[in-house]
Amino acid sequence: MTTASTPISRDFASDNTAGAHPAVMAALTRANTGTSPAYGNDPWTSRIEDKFSKLFDHDVAVALVATGTAANALAIASVTPPWGAVLTHSESHVSDDECGAPEFFADGAKLVSLVGIGNKLDPDTLQERLSRMPDGVLRQVQPACLSITQATEAGQVYTPAQIKALADIAHARGMMVHMDGARFANAIAHLGCTPAQATWHSGVDILTFGGTKNGAWAAEAVIFFDKAKARQLPWRAKRAGQILSKGRFLAAQWDALLENDLWLSLARHANTMARLLGTGLATVPGLRLGWEVQANEVFALMPQPVWQKLEAVGYPLRDWSSQFLPAQVQLGTGERLIRLVCSFATTPEDVAALIAAAAQREPVSH
Ligand SMILES: Cc1ncc(COP(=O)(O)O)c(C=O)c1O
C-alpha cells in the first residue's frame, strides 16, 4: 500500500475517493479471460454464497450489487410492505443520502426517523417510538423493519450487546433488522469480534456488506441470514437493474477481499490511520474531536485558523452535521465540524502531513 514514491495525498474527504486495491484489480484481470455464462450464472458468482456462508459461519443467501444505495434499498424493500414503516436514525444514509431509494423500491413504505447521539439508536428511543405505533391501526404505517448503520455516519460502532438490545425490541414487534454495513469491515476491525457475533448472533436479519469503501472497485453484498426471506431478492434486483450481465466481475472483487481476510486487514489499516490522525489532531491547539475515533473516520471541530490553513494548502474539507454531537461538545463560533476519512490507501505519511499542516509545524510544500 505504501511505497517510498507514493505522493502525499491531501484527500481525506471520503473512503470512496481511493481507487481499488491492487489485489482486487488483479482478481478482475484474472476474471477477464475467456467467456463465462452471464447474469450471475458464472463460476465466480456460484461460489460466493459458500464463501460468505463460511465467513459468517451460517448458511446465507447473497446478492451482489454495484452500489450501497441499491443494496440498502433492496434489502429493506424485501422485508417491508408498501404500508410498512422502516425505523432508522434521522441522519442515517438510508434516510438522508439515498434520494428516497428505500421508499421507492419498497413501493412507498415510510421511513420513520429516530434520534441518537453519534447517530446511534438506543433501546429506549426505539421502544418509545414503537409504543406510539400500535399494531393494527388502520391510519398508521405498520412497523416492518429496523435499519441501523454499522459503523454509523458519525463513525460510531455498536457493540454486539447494543445490537441485540435493539434487535430484541424489533423482533418482539415482528420487525426485521437490517444493518447498513457500508463500513461493516471497519466496525469488525474495531470490535475484534467475529462477523457472526456482530450480526446474526445479535439478531441482525439482513446485512448490506460494503466492499467499495474497503478496496473494491464497486461491489456490495446483500446478505440474508434467513434464506427464506431472500426469495424475492433476485426479481427485485433484476427490476432495479442490479443483475449485472457480466456479474463475474462483482464476484471476483469479493473473491479478492475474502481471500486471507483481506477485507479485515484493509479495514484494520484504515482504522489505524484514523486513530493516528485523531490522536495527532487532538494535539493541535484549539482543535477538538467530535466523537471518539472508533472506525476509519475522524470528526474534527476545527477553529477558523486551522480550516483556513488547510483549505489554503489544498485539503478538500467536508462539513458534517453537528446535530448529534455529545452534549458536552458544541460547535463554537467560527468552528466547522469536518469529516476526515481514512481508507486502505491512506499512508502514515498522509496522516503526518495533515497533522503538520493543521499545526503548521512546518511549511507545507507538496
Ligand atoms: C453509511 C453508508 N451507507 C451506504 C453507503 C453507500 O452508498 P453508495 O450508493 O454511494 O454506494 C454509504 C456511502 O457513502 C454510506 O456512507
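This section reports on the structure supplied with the text.

Each value, and the rule that gives it
Residues numbered from 1 in each chain as written. Predicted model: local features only at pLDDT ≥ 70, side-chain atom pairs only at ≥ 80, totals over all residues. Heavy atoms only, no water. Helix = DSSP H or I, 4+ residues; strand = E, 2+ residues; numbered from the N terminus. Contact = heavy atoms within 4.5 Å. Core = buried A, V, L, I, M, F, W, Y, C linked by side-chain atoms within 4.5 Å. Buried < 20%, exposed > 50% of the residue type's maximum accessible area, 1.4 Å probe, protein only. Pairing = 2+ DSSP bridges. Axes fitted to C-alpha atoms, helices over the stretch in contact; angles between N-to-C directions. Disulfide = S-S within 2.5 Å. Polar contact = N/O pair within 3.5 Å; in protein donor to acceptor, adjacent residues only side chain to side chain. Salt bridge = Lys/Arg side-chain N within 4 Å of Asp/Glu carboxyl O.

1. Remarks on the side chain of histidine 89
Among the structural elements, histidine 89 can be located in strand S2 (residues 84-89). Every residue in contact with histidine 89, bar those within four places of it in the chain, is listed here: Ser95, Leu114, Val115, Gly116, Asn119, Lys120, Leu121, Ser147 and Phe324.

2. Quick word on the nonpolar core
Phe52, Phe56, Leu87, Phe209, Ile223 and Trp254 are the most contacted members of the largest nonpolar core, which totals 58 residues. In contact with phenylalanine 52, not counting residues within four places along its chain, are Val60, Val62, Leu64, Phe209, Ala221, Ile223, Trp254 and Leu258. Core analysis: the next-biggest nonpolar cluster, separate from the first, contains 25 residues, Ala300, Leu340, Ala353 and Ile355 among them.

3. Observations regarding the sheet that holds strand S6 (residues 206-210)
Within the open sheet, the seven strands sit side by side as S1-S7-S6-S5-S4-S2-S3. Their pairing is mixed. With partners counted over all chains shown, the strands left at the sheet margins are strand S1 (61-65) and strand S3 (110-114), one partner each. Between one strand axis and the next, the sheet turns by 20 degrees as a mean value, whatever way the strands run. In the sheet, strand S5 (residues 176-181) pairs with S6 via four bridges, with the strands oriented parallel. Each bridged residue has a counterpart across the sheet, and for aspartate 180 the counterpart in S6 is threonine 208. Lying on the sheet, helix H2 (residues 43-56) is in contact with S1, S6 and strand S7 (220-224); it crosses S1 at an angle near 115 degrees. Here helix H6 (residues 123-131) sits on the sheet and contacts S2, S3 and strand S4 (142-149); the angle it forms with S3, its principal contact strand, is near 130 degrees.

4. As for the state of the cysteines
Tallying each qualifying case throughout the model produces zero disulfides. For the unlinked cysteine cysteine 99, the closest cysteine sulfur is that of cysteine 145, found at 20 Å.

5. Description of the sheet that holds strand S11 (residues 336-341)
In sheet architecture, strand pairing relies on hydrogen bonds along the backbone and comes in two forms, parallel and antiparallel. One open sheet accounts for four strands, arranged S8-S9-S11-S10; its pairing is antiparallel. The open sheet terminates on both sides in strands that have one partner only, identified here as strand S8 (288-289) and strand S10 (318-319). Note: S10 against S11, two bridges, orientation antiparallel. The residue of S11 that forms the bridge with aspartate 319 is isoleucine 338. Seen against the sheet, helix H12 (residues 304-312) touches strand S9 (297-302) and S11 and runs at an angle of roughly 120 degrees to S9.

6. Examining the environment of aspartate 261
Within the secondary structure, aspartate 261 sits in the loop between helix H10 (248-258) and helix H11 (262-281). With 206 residues separating them in the primary sequence, aspartate 261 and leucine 55 have C-alpha atoms 9.1 Å apart. Within polar-contact distance, the side chain of aspartate 261 engages the side chain of tryptophan 263 at 3.1 Å.

7. Description of the pattern of salt bridges
A side chain with one charge can pair with a side chain of the opposite charge if their charged atoms come near. One pass over the structure, following the stated rule, counts 15 salt bridges. One salt bridge connects arginine 183 with glutamate 297, and the closest N-O pair in it is separated by 3.6 Å. Residue arginine 183 is located in the loop between S5 and helix H8 (184-191), and its partner glutamate 297 is located in strand S9; the two are separated by 114 residues in the primary sequence. We note that arginine 183, like glutamate 297, is buried.

8. Quick notes on unusual backbone geometry
With omega at -10 degrees, the peptide bond leading from glutamine 150 into alanine 151 counts as cis. Positive phi values are uncommon outside glycine, yet asparagine 260 reaches one of about 50 degrees. Residue placement: asparagine 260 occurs in the loop between H10 and H11. Asparagine 260 gets classed as exposed once you look at its relative accessible area, which sits at 71%. Notably, aspartate 261 is not glycine yet its phi reads approximately 55 degrees, a positive angle. On the basis of relative accessible area, aspartate 261 is assigned to the partly exposed category, the value being 35%.

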